[in-house]
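Reading the structure
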Amino acid sequence: MRLILPTFAKLNLTLRVINKRPDGYHNIVSTFLRIPSGDVIYISEASGRNDIVTTNINITGENIVAKALRVARENGFKIPPLNVKIHKSVPPGSGLGAGSGNAAAVLQLFGAEKIASKVGGDVPFLCSHVNIALVSGIGEHIEPLKEHEPHGVIVIPDWQTETKGAYEELDALGFPVDTMLARVEMRDIYRANVGRRVGLLPNDFLKVLIKQHPKYNELFKIFEDSGAADAWGITGSGSAAFAVLRESVKFIWPDYVKHVLYF
């Protein structure tokens, strides 16, 4: 028998990096929005003694689904060897956490959500049943937000961002806000973005990425000039950019935009 699992990704509507922890991870304050990823996972029992995890795109290092299975077993979950085929729609390095969504789907299948934070920072939120939340710590603290859920468009350009390198550059620049200020900022922006223009949303990685890819300025101008966007920015450590829309609009995208998603 084969199981078919749809999976989700996340959009960082806002993102502040607070500090670097002694264990090497970073504390954040961010507004997370759950979005469909288009990724699909096919699971069946493996005929051998080891998991077989494959994808339709090349991924370097340990696949996060393989890591999730390994960590689950290390924490006492009885999971047989599996054959896992992952059909990816969202390219890696887009900042949407689609890989974490893959891992979350597998952990949920085996009732292993409680170990989500041991697998990755985005995994606890994607294991939850929350659509939009204020997320802090390394991703383990999730505070649901209920006022409204925004809709809009996400564009993925033809460049990728390597998260580790982006954090290293941010470490060198320093962190502009503390936890309390970030929380107040996030809630004020979230409540304000109901039918009025907010503009560029805060993301501490933007100061790193805009130097590497000035074309973000062109994307932001497209959003602003549309007249339909209330807010815009980048998600995670990039590379995807997004706009929160109050109404549908037809965009003409530059050639370097390779994928367009609506949420």
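Placed above this text is the structure.
Everything quoted here is computed from the prediction, not taken from an experiment.

A few words on the pattern of salt bridges. Using the criterion set out here, one finds 14 salt bridges in the structure. Ionic pairing is found between Lys20 and Asp171, a salt bridge with its closest N-O pair at 3.7 Å. Here Lys20, found in strand 1 (residues 3–20), pairs with Asp171, found in helix 4 (residues 163–173); they are 151 residues apart in sequence, far enough to count as distant. Its relative accessible area of 46% is what places Lys20 among the partly exposed residues. For Lys164, the salt bridge identified is with Glu168, shortest N-O distance 2.6 Å. One end of the pair is Lys164 and the other is Glu168, both in helix 4 and four residues apart, which spans about a single turn. Overall, Lys164 belongs to the exposed group, its relative accessible area being 55%. For Glu168, a relative accessible area of 44% translates into the label partly exposed. When salt bridges with common partners are traced through the structure, they connect Arg16, Glu185 and Asp204 into a single cluster.

In this section: the packing of aromatic side chains. Summed over all chains, the structure comprises eight aromatic pairs. On the basis of an interplanar angle of 20 degrees and a centroid distance of 6.3 Å, the ring pair of Tyr216 and Phe220 is categorised as stacked. In this pair, Tyr216 and Phe220 are both assigned in helix 7 (residues 215–226), four residues apart and thus about one turn of the helix distant. Phe220 shares its class with Tyr216; the two are buried. Here a set of aromatic residues connected by ring pairs shows up, and it is made of Trp159, Tyr216, Phe220 and Tyr256. It is Arg34 that lies over the ring of Phe8; its NZ or CZ is 5.2 Å from the centre.

Reading guide: rules and limits
- Residues numbered from 1 in each chain as written.
- Predicted model: local features only at pLDDT ≥ 70, side-chain atom pairs only at ≥ 80, totals over all residues.
- Heavy atoms only, no water.
- Salt bridge = Lys/Arg side-chain N within 4 Å of Asp/Glu carboxyl O.
- Helix = DSSP H or I, 4+ residues; strand = E, 2+ residues; numbered from the N terminus.
- Buried < 20%, exposed > 50% of the residue type's maximum accessible area, 1.4 Å probe, protein only.
- Phe/Tyr/Trp six-rings, centres within 6.5 Å; stacked < 30°, edge-to-face > 60°.
- Lys NZ or Arg CZ within 6 Å of the ring centre and 35° of its normal.

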